[in-house]
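Chain residues, written in single-letter form:
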Amino acid sequence: MIRIDNVTKQYRGANRPALDGVTLEIEKGDFVFLVGASGSGKSSLMRLILREDIPSKGSVFVLGENLRRIPGRRVPYFRRKMGMVFQDFRLLPNKTVAQNVAFSLEVIGKSRAFIDAAVPDVLEMVGLGHKAGNLPSELSGGEQQRVALARAIVNKPAILLADEPTGNLDPATSEEIMRLIERINAAGTTVVMATHDRGIVDRLQKRVVVLSQGKIISDERESGYVSVDKPVEEQN
Amino acid sequence: MRLGFIFSEVGQGLRRNVSMVISIVLVTLVSLTFVGTALLLQFQIGQMKNYWYERAQVAVYLCTDTSPSAACPQGEAGADVKTSVEQKLNSELLKPYVARYYFEDHQKAYENFESEFKGQSIAKYVTPAQLNQTFWVKLKDPNQSAIITQSFNGVAGVEEVRDQRSYLDQIFSILNAASLAAIGVAVLMLLSATLLISTTIRLSALSRRRELGIMRLVGASNFTIQLPFILEGVVAATIGSVLASGAVIAVVQFFVQGYLAQALPFTSFVGLDKALLITPILVGIGVVLATVASGAAIRRYLKI
């Protein structure tokens, strides 16, 4: 599903690569946490998987596509098979909840009939059916993230990428969001989630990939991973 | 591709940038009106050239008693001069170039003069003897007037040979300069219109960068992302070019036909048919310009 093969990403002007010889394989239906300090390379990795960047060295295969070779005009069609959520939700403030979700379908040319059927369904699934007509500013942070999740999954993506989805939320709300993401995963969607939230990582007992300074320093499959306190100087 | 969606995006963009859209409309209106006027002037010049060159003749003026003595030392040209000029016109050398000619004597010249300057005081002081007897020569090809001029210049009893086109050429070169000036102004205005369109579209994209980001994220095709912005520029420029076409038509209808043609009844002026011919050219220029300018402006937001 996702194969990252000895990938190095060097940004111009940076003195060390953001990713340094990273190799990682993620199977269909996996739930993978990417953890690590800021600047450890989590976001760079997500950007590569979404084909927002191309690696300086090595190759990235996602959904059977070699992302280095995929022509620019086909990138949008590739992205339609991916869902993405962020720490800052990225909703359109002047559109209602339903319009925000519908927008992502409109711009990829889905029919009105399809949108009219799919949007209420997905809002119901994330538990916001009754807030379809509200503006994002009228919602709590957790509700906004649920709208963002609804938007990410409404087109039934094969992979959901989540970049710190609970970063702006309190623990109880984070818990709700995680339950939702687990449900999405249980329905067959591969989930890759970057997070700082140790509580969530420890509790969910999923595969955990730990990045530090652009390298994978541990990759624990299934249970057994418990975050460890490390002195600050050791992390850098 | 859902057209309803695209059009609602275009409408939103236009509403959000009303003042910029109005400025695009005005700049394209003014610039394309200049283009249209320049084209009209070119048509007008062409039409007048056709009309007047067709009628232009070469005049061979014979000497009178009042002619300057440098050209006419013997004074009034006698019948012998008239005969020799006529013979020359009928000679093998000149005959192939001459379509027809006629002779205007003092009396006829006086009558023409009187009717031309009727009611003006100058008509009272001129006598028939002061006006030249003239051979009016119509050439088969008006461009070959030099042959006649060279044959009769300096011949005894001929005061002057004058190709009427030399008067016309002055008028045409003035009109031509005016039309070139209009084109010059039009080019400058079109340049500023292009820059204005691309700036406006860039601003419009900037104010919608959230939407653009999400569109790219969820996999909207470049075409879908670009189209609303390009259409935004095209709609504004089209309004401007349609107004410019209206302005050109109005100028022809009310100024050229309604005023000039009445004031100068013997001149043939461009008509509405020419104005209507210009209309699609103006709209075409507007649309192409807007497409290129806004397409170029939005391109950098499409980098994946």
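Values in this document were obtained by computation on a predicted structure and should not be read as measured data. (Residues numbered from 1 in each chain as written. Chains lettered and ligands numbered in written order. Predicted model: local features only at pLDDT ≥ 70, side-chain atom pairs only at ≥ 80, totals over all residues.)

## Details of the sheet that holds strand S4 (residues 158-163) of chain B
Residues and elements named next belong to chain B.
Point 1. Taking strand neighbours across the sheet as the criterion, the four strands line up as S2-S3-S1-S4 in an open arrangement whose pairing is antiparallel. The sheet is open, and its two edges are formed by strand S2 (98-104) and S4, each paired on a single side. The mean angle between the axes of side-by-side strands here comes to 15°, regardless of whether they run parallel or antiparallel.
Point 2. The pairing of strand S1 (residues 58-62) with strand S3 (residues 134-139) spans four bridges and is antiparallel. Within S3, the residue paired with Tyr61 across the bridge is Thr134.
Point 3. Against the sheet, helix H6 (residues 145-152) makes contact with S1, S3 and S4, and its axis sits at roughly 170° relative to S4, the strand it touches most. (Pairing = 2+ DSSP bridges. Helix = DSSP H or I, 4+ residues; strand = E, 2+ residues; numbered from the N terminus. Axes fitted to C-alpha atoms, helices over the stretch in contact; angles between N-to-C directions. Contact = placed C-beta atoms within 7 Å.)

## Details of the environment of Ala177 of chain B
Point 1. Along the chain, the position of Ala177 of chain B falls in helix H7 (residues 165-207).
Point 2. Ala177 of chain B sits 102 residues away from Thr279 of chain B along the chain, and the two C-alpha atoms are 23 Å apart.

## Side note on the pairing of S3 of chain B
Point 1. With six bridges connecting them, S2 of chain B and S3 of chain B associate as antiparallel partners. Following the sheet pairing, Glu104 of chain B is matched in S3 of chain B by Thr134 of chain B.

## Quick word on the environment of Val97 of chain A
Residues and elements named next belong to chain A.
Point 1. In this structure, Val97 sits in helix H3 (residues 97-106).
Point 2. We classify Val97 as buried; it has 28 C-beta atoms within 10 Å.
Point 3. When the C-alpha atoms of Val97 and Lys131 are compared, they prove to be 7.0 Å apart, with 34 residues separating the residues in sequence.
Point 4. For Val97, the contacting residues outside a window of four places in its chain are Leu123, Leu128, Lys131, Ala132, Asn134 and Val147. (Buried ≥ 20, exposed ≤ 12 C-beta atoms within 10 Å, placed from the backbone.)

## Brief notes about the interface of chain B and chain A
Point 1. Residue-level contacts link 16 residues of chain B with 16 residues of chain A.
Point 2. Among the elements of the structure, helix H8 (209-218) and helix H9 (222-263) of chain B are those that each provide at least two residues to the side of chain B that touches chain A.
Point 3. Broken down by element, the residue count for the side of chain B that touches chain A peaks at seven residues, all from H8 of chain B.
Point 4. The class makeup of the residues in the side of chain B that touches chain A is eight nonpolar, five polar and three charged. (Nonpolar A, V, L, I, M, F, W, Y, C, P; charged D, E, K, R; others polar.)

## Some points on helix H1 (residues 3-16) of chain B
Residues separated by three or four positions in an α-helix point in the same direction, a consequence of the helix having 3.6 residues per turn.
Point 1. An ideal rise of 1.5 Å per residue puts 20 Å on 14 residues; H1 of chain B measures up with 20 Å between its terminal C-alpha atoms.
Point 2. Of all the positions in H1 of chain B, only Phe5, Glu9 and Gly13 of chain B are classed as buried. The buried side chains of H1 of chain B occupy one side of the element, clustering within an arc of 70° when seen end-on. Residues of H1 of chain B that are exposed and point over 90 degrees away from its buried face: Leu3, Gly4 and Arg15 of chain B.
Point 3. Where H1 of chain B is buried, its residues touch H3 of chain A together with H7 and H9 of chain B. (Expected span 1.5 Å × (residues − 1). Arc of directions from axis to C-beta.)

## Thoughts on the nonpolar core
Point 1. The biggest cluster of nonpolar side chains holds 73 residues, and the ones touching the most others in it are Leu34, Ile49, Val101, Leu123, Ala150, Leu161 and Val192 of chain A.
Point 2. Excluding its chain neighbours within four sequence positions, the residues that come into contact with Ala150 of chain A are Val101, Val122, Leu123, Val126 and Leu128 of chain A.
Point 3. Phe34, Ala193, Leu196 and Leu231 of chain B belong to the second largest nonpolar core, which has 44 residues in total. (Core = buried A, V, L, I, M, F, W, Y, C linked by C-beta atoms within 7 Å.)

## A word on the confidence of the model for chain A
Point 1. Per-residue confidence for chain A gives a mean pLDDT of 90, with 94% of residues at or over 70.
Point 2. Helix H8 (residues 232-235) of chain A is the least confidently modelled element of chain A, averaging 52 in pLDDT, while strand S7 (residues 159-163) of chain A averages 95, the highest of any element. (pLDDT = per-residue confidence, 0-100.)

## A word on unusual backbone geometry
Residue and element names in this part refer to chain A.
Point 1. Even without a glycine there, the phi angle at Asn6 is positive, about 50°.
Point 2. By secondary structure assignment, the location of Asn6 is in strand S1 (residues 2-9).
Point 3. Given 12 C-beta atoms within 10 Å, Asn6 falls into the exposed group.
Point 4. With phi around 50°, Gln213 is a residue other than glycine that occupies positive phi space.
Point 5. Tracing the chain through its elements places Gln213 in the loop between strand S9 (207-212) and strand S10 (215-220).
Point 6. Using a count of 17 C-beta atoms within 10 Å as the deciding quantity, one classes Gln213 as partly exposed.

## Some remarks on the packing of H3 of chain A against helix H5 (residues 141-153) of chain A
All names here are of chain A.
Point 1. Close contact between H3 and H5 brings their axes to 8 Å; oriented N to C, the two are set at 25°. With respect to each other, H3 and H5 are oriented roughly parallel. Along this stretch, H3 crosses H5, giving a crossing that reads as right-handed. Touching Val97, Asn100, Val101 and Ser104 of H3 are Val147, Ala150 and Arg151, all from H5.
Point 2. When the residues that make up the contact of H3 with H5 are grouped by side-chain class, the tally is four nonpolar, two polar and one charged. (Parallel < 35°, antiparallel > 145°, perpendicular 65-115°, else oblique. Left-handed = near helix turned anticlockwise from the far one by under 90°.)

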